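# Summary of the model geometry
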Amino acid sequence: MKDFIEFVNEHELGKIRENVSFKQLTSLKIGGTARCLYEPNSLDNLMIAYKYLKNRQIPTYAIGNGTNLLVSDDRFDLVLIKLTKCNGFKPLSEGRFMMEAGCQSGTVGRIIAKLGYSGSAFMGVIPGTVGGLIYMNSGAYKKEVADFLYQCDYLDAKGDLVSLTEGFNFGYRESIFQSIDCLIIRGFFKFPLAPKGEEPYQTINRYLELKRNTQPLNERNAGSVFRNPPHIHAWEIIDALGYRGFSVGDAGVSMKHANFLVNKGNATFEEMAKLVELIQTDAKKYYNIDLKCEWKILKKL
Ligand SMILES: Cc1cc2nc3c(=O)[nH]c(=O)nc-3n(C[C@H](O)[C@H](O)[C@H](O)COP(=O)(O)OP(=O)(O)OC[C@H]3O[C@@H](n4cnc5c(N)ncnc54)[C@H](O)[C@@H]3O)c2cc1C
């Protein structure tokens, strides 16, 4: 690890910080520390650094805005890679756009809408990065990444560049990227021109208003915790079980939206994981429903 830090500094491949707390890197503000946080200053330099890491089998983990992530209170001996500075955005021809993985989804979603294209409103209201969005196949209001992505470039297990144009295996918050060792570096999306009369930017404002009215945006959360099972909303099950407002320590079920779990102060990983497990156990016991967790969980094996 020390060698990697020296390598990055010597070749000016970006910024390195040591012993960084996940509390500063995740929207839930829960978690221990990462031995090292690496923020490359360009995709070219990232590729050099990533090759170095892969050649030496140094463990890595990609993080975007940490808005879909629950991390255990451990010390992780790995290099966390955050593509903050790899945020290039380029309009191509006929509604096509190149977005580096560090782009803020909200920002690019709004730019595309302002340019008169339809469909980017879901991006405009999700607080993640483009890398996180692709990995999660994130979506909102009946649109998701799968509807618009036509190419994704990533670095593979050897640190080599791969351009994928098919076989994304997208599903409900699922993608091929969750089952391979990869670091997504950019995505290529295509949006249709908005039909006459449609004002894409207004759609974003409308969705934001809906979110503000229904979700606990002022509390520490990581979005919906459970995927909606077929034919019913997860929040309806949680409500029926009587969990709205229930807490385990500082981990609680939001009063505003029952499918949002919130950190009310200093919640620990154990408290939040316990709350998730209690709800899942009761959903199975009383309704025979398997509630699948939408969050990604990072913990030591
Ligand atoms: C208030 C709130 C509202 C939300 N609303 C929605 C919503 O409407 N719809 C929705 O789908 N989600 C929603 N979310 C969840 C979250 O914002 C999305 O899942 C988002 O896409 C996660 O992006 P991120 O950059 O924060 O990813 P992170 O949380 O940092 O990471 C999520 C996963 O992606 C992986 N990852 C991130 N970047 C890369 C990369 N470059 N290469 C490889 N893997 C990577 C991480 O390793 C991790 O496993 C919401 C969250 C909050 C807090």
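These numbers come from a predicted model, not from an experiment.

## Structural notes on the domain arrangement of the protein chain
By a widespread convention, an interface's size corresponds to the accessible area lost as its parts come together. In terms of domains, the protein chain is made up of domain 1 (2-82), domain 2 (89-203) and domain 3 (216-298). With six residues of domain 2 in contact, the opposing surface of domain 3 contributes four residues. Approximately 490 Å² of surface area, both sides summed, lies buried where domain 2 meets domain 3, with 48% of it carried by carbon and sulfur atoms. At the boundary of domain 2 with domain 3, the tally comes to two salt bridges. Among the ionic pairs, E174 bridges to R227, the shortest N-O distance being 2.9 Å. Counting across the interface, domain 2 meets domain 3 through five residue pairs in polar contact (both at pLDDT 80 or more).

## Concerning the environment of I126
Mapped onto the elements, I126 comes out in the loop between α4 (121-124) and α5 (130-136). Linking I126 and I238, residues 112 residues apart in sequence, is a C-alpha distance of 23 Å. When residues no more than four places from it in sequence are discounted, the contact partners of I126 are S105, G106, L133, S138, G139 and A140.

## Some remarks on the sheet that holds strand β3 (residues 60-63)
The strand order β1-β2-β5-β3 describes an open sheet built from four strands, whose pairing is mixed. Of all the strands in the sheet, just β1 (14-21) and β3 have a single pairing partner and so form its edges. Direction aside, the axes of adjacent strands within the sheet are offset by 30° on average. Contacting β1, β2 (33-40) and β5 (75-82), helix α1 (residues 2-11) runs over the sheet at an angle of about 145° to β1.

## Some points on the side chain of R186
Locating R186 in the fold gives a position in strand β12 (residues 183-190). Separated by 2.7 Å, the side chains of R186 and D153 make a polar contact. Residue contacts for R186: discarding those within four places in its chain leaves L43, M98, M99, E100, A101, Q151, C152, D153 and L161.

## Some thoughts on the site of the ligand
The local shell around the ligand holds 34 residues, among which A62, G64, T67, T129 and G139 are the closest. Between the ligand and Y61, the relevant distance is 3.0 Å, taken from an oxygen atom to a side-chain nitrogen or oxygen of the residue. Contacts to the ligand include L133, whose backbone N or O atom sits 3.5 Å from an oxygen atom. In isolation the ligand has 970 Å² of accessible area, and contact with the protein removes 94% of it.

What counts and what doesn't
Residues numbered from 1 in each chain as written. Predicted model: local features only at pLDDT ≥ 70, side-chain atom pairs only at ≥ 80, totals over all residues. Heavy atoms only, no water. Domains from an automatic or database assignment. Contact = heavy atoms within 4.5 Å. Buried area = accessible area lost by both parts, 1.4 Å probe. Salt bridge = Lys/Arg side-chain N within 4 Å of Asp/Glu carboxyl O. Polar contact = N/O pair within 3.5 Å; in protein donor to acceptor, adjacent residues only side chain to side chain. Helix = DSSP H or I, 4+ residues; strand = E, 2+ residues; numbered from the N terminus. Pairing = 2+ DSSP bridges. Axes fitted to C-alpha atoms, helices over the stretch in contact; angles between N-to-C directions. Near = heavy atom within 4 Å. Areas by Shrake-Rupley, 256 points an atom, 1.4 Å probe, with all protein chains shown as cover.

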